[in-house]
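Next come the chains, spelled out residue by residue.
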Amino acid sequence: MVNRFAALVATSTLAASSMLAQSAPAYTAPDAATKDLALGIFRQLIEINTTDSVGSVTAASKAMQQRFLDAGFPASDIYLGGPNDRKENLVVRYRGTGAHAPILFIGHEDVVEARREDWTTDPFQFVEKDGYFYGRGTQDMKENDAILVTTFLRLHKEGFKPDRDMILALTADEEGGKSNGVDWLLKNQPDLVKAEFAFNPDGGGVELQNGKAVSADVDASEKLYADYRLLTTNPGGHSSLPVPDNAIYHIADALQRLQNYSFPFELNAITRPYFEKLATMEPAQTAKDMRAMLATPPDKDAIARLSKSPEWNSTMHTTCVATRLLAGHANNALPQMAQANVNCRILPGHSREEVRQDLIRVFDDPKITVDYVDDGGTVHGGAPDAKGLPPVALQPEVLRPLEKLVAAYWPGTPVVADMADGASDSVYTNAAGIPTYNWSAIELETSDVRAHGKDERLPEASYWKGVQFWYDYVKMIAGGS
Ligand SMILES: [Zn+2]
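Because the structure is a prediction, the values reported are computed rather than measured. (Residues numbered from 1 in each chain as written. Predicted model: local features only at pLDDT ≥ 70, side-chain atom pairs only at ≥ 80, totals over all residues. Heavy atoms only, no water.)

Draft legend 1. Fine view of the sheet that holds strand β10 (residues 224-233). As summarised here, the arrangement of the 5 strands in space is β12-β14-β10-β15-β16, forming an open sheet in which the pairing is antiparallel. A strand with exactly one partner marks an edge of an open sheet, and here the two such strands are β12 (319-327) and β16 (379-380). Pairing between β10 and strand β14 (residues 337-346): 10 bridges, direction antiparallel. If you follow Thr233 over to β14, its bridge partner there is Met337. Sitting on the sheet, helix α8 (residues 247-259) is in contact with β10, β12 and β14, with an inclination near 20° to β14. Running at roughly 40° to β10, helix α13 (residues 352-363) makes contact with β10, β12, β14 and β15 (369-373) of the sheet. (Pairing = 2+ DSSP bridges. Helix = DSSP H or I, 4+ residues; strand = E, 2+ residues; numbered from the N terminus. Contact = heavy atoms within 4.5 Å. Axes fitted to C-alpha atoms, helices over the stretch in contact; angles between N-to-C directions.)

Have a look at this one:
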């Protein structure tokens with residue numbers, strides 16, 4: 001996630017953590033053997049197409065399964081399974097002493113579609129060029145899958161015995177599709193993934209601006225994702241004889257009302273402290289607006305001015321926006337059908353059904369039906385009632401070592417807990433009672449975020465740093481000998 005406000009906030013624990021930083025190792029590049037291993041895994045994952053349309057998550061899971069078997073992990077500690085033969089998930093258990101409850105690491109193996117003609121290079125070829133690794137999934141999130149696999153294999157080879165089991169789950173259908181792997185595992189193999197807490201490197205990370213690290217973000221709160229289909233039908237007729245009751249105008253009017261609507265302003269236990277801190281750091285007028293926004297009652301004009309920033313707007317509000325349109329059947333016919341997709345990102349504490357009712361109220365047009373579209377694309381008359389979960393508390397046993405190691409790797413960079421504008425697989429683990437931290441040790445220029453986009457790429461230096469970070473971090477949080 002890239003979030004301007006996150007970039008400006010310092011945590012109060014930073015001073016304390018840097019005093020303790022002596023025990024955290026500074027960054028040194030991984031040795032040649034580790035680089036070889038990490039590169040081979042990364043290349044292999046990128047070159048296995050795992051898109052929903054034509055790819056196979058199973059192929060990626062099996063390739064990683066083989067690596068664990070070859071490394072001597074017992075077959076009984078490796079599980080491969082899923083709802084169908086293209087969507088099999090891999091779960092590997094690295095046995096510890098059992099002094100503490102397990103830690104779970106989750107990573108999705110599927111990637112967003114990528115078309116050869118849109119890209120400069122073949123998206124399913126791993127290309128090393130100008131200090132970057134190119135390929136679909138190099139930012140989201142095969143780099144982190146490869147890092148986690150590398151970390152497990154490397155520690156295992158060294159004979160590292162953690163003080164708790166470590167579980168790695170590589171899964172299907174985070175980006176779309178009907179077979180979300182984390183959801184499936186929690187429902188079908190809950191004992192395999194039961195853990196005290198979890199890491200999901202599908203969010204968070206180190207933000208760089210002009211090469212300088214400005215913040216290390218841990219996503220401890222997420223918005224809920226929801227799609228809604230607006231649909232209206234009409235008898236239609238000849239376009240030479242227009243009538244006011246027109247399917248396209250109904251949808252266009254509804255979307256205009258949505259454009260002019262803002263969901264209520266709301267802060268929570270993560271976002272309020274951010275803005276409080278920001279108010280001490282921003283330029284005078286912005287700081288004044290933030291104080292006015294934080295006051296009781298909040299100042300509406302100040303909220304309106306601050307909401308001009310898309311990031312701040314998204315932090316303060318549930319957002320809904322038109323993303324697709326489909327209407328009409330001929331140039332010379334009145335439309336018999338018009339539909340639109342509206343995509344919403346819902347603040348914690350609210351449900352998808354609640355927002356569906358809000359939308360119906362905003363559109364205020366009985367000729368338009370507003371249905372919920374689930375992750376698999378199925379349309380439903382109603383939406384789920386489950387509310388977005390409250391922010392996850394940052395446990396000291398997770399946060400303190402993280403702050404120490406960040407201080408050693410990126411000196412002076414604050415660790416910032418924030419709310420993701422999107423949602424990840426952590427919604428499933430959090431809902432199952434496994435507090436999940438979205439943290440990635442990947443550093444990335446805020447201007448070079450290419451996840452889901454063309455020519456997705458990762459700086460080689462960022463990859464090596466991530467490889468080394470997780471190795472050091474796991475040793476800190478899993479104790480052992
Ligand atoms: Zn992702």
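Draft legend 2. Main features of the coordination of the zinc ion. Within the protein, the zinc ion binds to His108 (NE2), Asp140 (OD), Asp202 (OD) and Asp202 (OD); these donor distances fall in the range 1.9 to 2.7 Å. Bound by 4 donor atoms, the zinc ion shows angles of 52 to 146° at the metal and therefore irregular coordination geometry. Spacing between the donor residues of the zinc ion along their common chain follows H-x31-D-x61-D. Linking His108 in strand β3 (residues 100-108) with Asp202 in the loop between β7 (197-199) and β8 (205-209), this pair joins segments that are 94 residues apart in sequence. For His108, a relative accessible area of 2% corresponds to the buried category. (Donors = N, O, S within 2.8 Å, 3.2 Å for Na, K, Ca; no water. Tetrahedral: all angles 85-135°; square planar, octahedral: opposite > 155°, others 65-115°. Buried < 20%, exposed > 50% of the residue type's maximum accessible area, 1.4 Å probe, protein only.)

Draft legend 3. A look at the sheet that holds strand β5 (residues 132-134). Here 3 strands make up an open sheet; going across it, the order is β4-β5-β20 and the pairing antiparallel. Unpaired on one side and paired on the other, β4 (127-129) and β20 (457-459) mark the two borders of the sheet. Neighbour to neighbour, the strand axes of the sheet diverge by 25° on average, direction disregarded. Sheet topology note: the β4/β5 ladder contains 3 bridges and is antiparallel.

Draft legend 4. Focus on the environment of Asp31. Locating Asp31 in the fold gives a position in the loop between α2 (14-19) and α3 (32-47). Using a relative accessible area of 41% as the deciding quantity, one classes Asp31 as partly exposed. Within the structure, Asp31 has its side chain in polar contact with the backbone nitrogen of Ala33 (distance 3.1 Å). For Asp31, the side chain forms a polar contact with the main-chain nitrogen of Thr34, separated by 2.9 Å. (Polar contact = N/O pair within 3.5 Å; in protein donor to acceptor, adjacent residues only side chain to side chain.)

Draft legend 5. Looking closely at the nonpolar core. In terms of nonpolar packing, the biggest core is built from 65 residues, with Phe68, Phe105, Phe199, Trp439, Tyr463, Phe469 and Trp470 touching the most fellow members. Filtering out sequence-adjacent residues up to four positions away, Tyr463 remains in contact with Ala38, Leu39, Phe42, Phe133, Glu143, Ala146, Ile147, Ile442 and Leu458. Ranked by size, the runner-up nonpolar core spans 24 residues in total, among them Leu258, Ile346, Ile368 and Ala383. (Core = buried A, V, L, I, M, F, W, Y, C linked by side-chain atoms within 4.5 Å.)

Draft legend 6. Seen up close, the environment of Glu109. Following the sequence through the fold, Glu109 ends up in the loop between β3 and β4. Separated by 71 residues in the primary sequence, Glu109 and Ala38 place their C-alpha atoms 16 Å from one another. When sequence neighbours within four positions are dropped, the list of residues in contact with Glu109 reads Thr50, Val57, Ala60, Ser61, Met64, Glu88, Lys142, Asp145, Leu170 and Thr171.

Draft legend 7. Quick peek at the state of the cysteines. Here the structure, examined in full by the defined rule, presents 1 disulfide. The side chain of Cys320 participates in a disulfide bridge whose partner is Cys344; the two sulfur atoms lie 2.1 Å from each other. Disulfide Cys320-Cys344: torsion about the S-S bond near 115°, hence right-handed. Of this pair, Cys320 sits in strand β12 while Cys344 sits in strand β14, placing them 24 residues apart in sequence. Look at Cys320 and you get buried, because its relative accessible area is 14%. (Disulfide = S-S within 2.5 Å.)

Draft legend 8. Looking closely at the confidence of the model for the protein. Considering every residue of the protein, the mean pLDDT works out to 92; 95% of them sit at 70 or more. Note on residues 1-22: pLDDT under 50 across the span, and 56 contacts to partners over four residues away in sequence or across chains. (pLDDT = per-residue confidence, 0-100.)

Draft legend 9. Representation of helix α5 (residues 142-157). Compared with the 22 Å implied by 1.5 Å per residue over 16 residues, the 22 Å span of α5 between its first and last C-alpha is a close match. Extensive coverage of α5 is indicated by the burial of 14 of its 16 residues. (Expected span 1.5 Å × (residues − 1).)

Draft legend 10. Region of interest: the packing of helix α14 (residues 396-409) against helix α16 (residues 460-477). The contact between α14 and α16 brings their axes to 10 Å, and the two run at 140°. The orientation of α14 with respect to α16, classified from their angle, is oblique. Pair α14 / α16 crosses with right-handed handedness. In contact with Glu397, Val398, Pro401, Leu402, Lys404, Leu405, Val406 and Tyr409 of α14, α16 contributes Lys465, Gln468, Phe469, Asp472, Tyr473, Met476 and Ile477. Grouping the constituent residues of the contact of α14 with α16 by class yields 10 nonpolar, 1 polar and 4 charged. (Parallel < 35°, antiparallel > 145°, perpendicular 65-115°, else oblique. Left-handed = near helix turned anticlockwise from the far one by under 90°. Nonpolar A, V, L, I, M, F, W, Y, C, P; charged D, E, K, R; others polar.)

Draft legend 11. Inspection of the side chain of Asp173 at higher detail. As for its position among the elements, Asp173 is in the loop between β6 (164-171) and α6 (181-188). Residue Asp173 is classed as buried on the basis of its relative accessible area, which comes to 3%. Only 2.7 Å separates the side chain of Asp173 from the side chain of Lys87, close enough to count as a polar contact. Not counting residues within four places of it along the chain, the set of residues in contact with Asp173 comprises Asp52, Lys87, Asp110, Lys178, Ser179 and Asn180.

Draft legend 12. Fine view of unusual backbone geometry. Look at the link from Asp140 to Met141: it is a cis peptide, with omega at -15°. Structurally, Met141 is set in the loop between β5 and α5. Residues other than glycine seldom take positive phi values, yet Asp455 does so here, at roughly 50°. When you line up the elements, Asp455 lands in the loop between β19 (443-445) and β20. On the accessibility criterion, Asp455 (9% relative accessible area) is buried.

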